[in-house]
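# Remarks on the overall topology
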Amino acid sequence: MSVLDLVLRRGTRSSAGRDEFAQRVCGELSAELPDEDLGEDLSDALERYELGSKPRCEEVEYLDLVQDAIDRVARGH
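In this report, the structure presented in the accompanying data block is examined. (Residues numbered from 1 in each chain as written. Predicted model: local features only at pLDDT ≥ 70, side-chain atom pairs only at ≥ 80, totals over all residues. Heavy atoms only, no water.)

Another aspect to go through is the side chain of Lys-54. Of note, Lys-54 is situated in the loop between α3 (42–48) and α4 (56–75). Excluding its chain neighbours within four sequence positions, the residues that come into contact with Lys-54 are Glu-36, Tyr-49, Glu-59 and Tyr-62. (Helix = DSSP H or I, 4+ residues; strand = E, 2+ residues; numbered from the N terminus. Contact = heavy atoms within 4.5 Å.)

And the structure:
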């Protein structure tokens, strides 16, 4: 399920507002991780990630940042 799908499941914001919020969160994450190819589907980024491909401390930070962004979009704030 893409980040946009998660946002669209929430009925509290307008469609344009949800899309804008999801894009803003993805943009913020891309700014924090400029060397990563995240795309719009952050869940896919987690699924494609190969454990052990980064030093452990970087790996934990990367996975936490992506999961936090997914959770933020799902919550809508």
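Here the focus is the nonpolar core. As a rule of thumb, soluble globular proteins bury nonpolar side chains together. Among the nonpolar cores identified, the biggest contains 16 residues, and Leu-29, Leu-33, Leu-38, Leu-42, Tyr-62 and Val-66 are the most heavily contacted of them. When contributions to this core are tallied by element, the ones reaching two or more residues are α2 (15–32), α3 and α4. Among the elements that line this core, the one with the most residues is α4, at 6 residues. Residues within four places of Leu-38 in sequence aside, it is in contact with Leu-29, Ser-30, Leu-33, Ala-45, Arg-48, Tyr-62 and Val-66. (Core = buried A, V, L, I, M, F, W, Y, C linked by side-chain atoms within 4.5 Å. Buried < 20%, exposed > 50% of the residue type's maximum accessible area, 1.4 Å probe, protein only.)

Another point: the pattern of salt bridges. All chains considered together, the criterion is met by 5 salt bridges. Among the charged side chains, a salt-bridge network with shared partners connects Arg-24, Glu-28 and Arg-72. (Salt bridge = Lys/Arg side-chain N within 4 Å of Asp/Glu carboxyl O.)

With 20 residues, α4 ought to run about 28 Å at 1.5 Å a step, and its terminal C-alpha atoms sit 28 Å apart, in line with that. Considered for burial, the residues of α4 that qualify are Glu-59, Tyr-62, Leu-65, Val-66, Ala-69, Ile-70 and Val-73. Down the axis of α4, the buried set is contained in an arc of 135 degrees. They therefore lie on one face. Along α4, the residues that are exposed and aim more than 90 degrees away from the buried face are Arg-56 and Cys-57. (Expected span 1.5 Å × (residues − 1). Arc of directions from axis to C-beta.)

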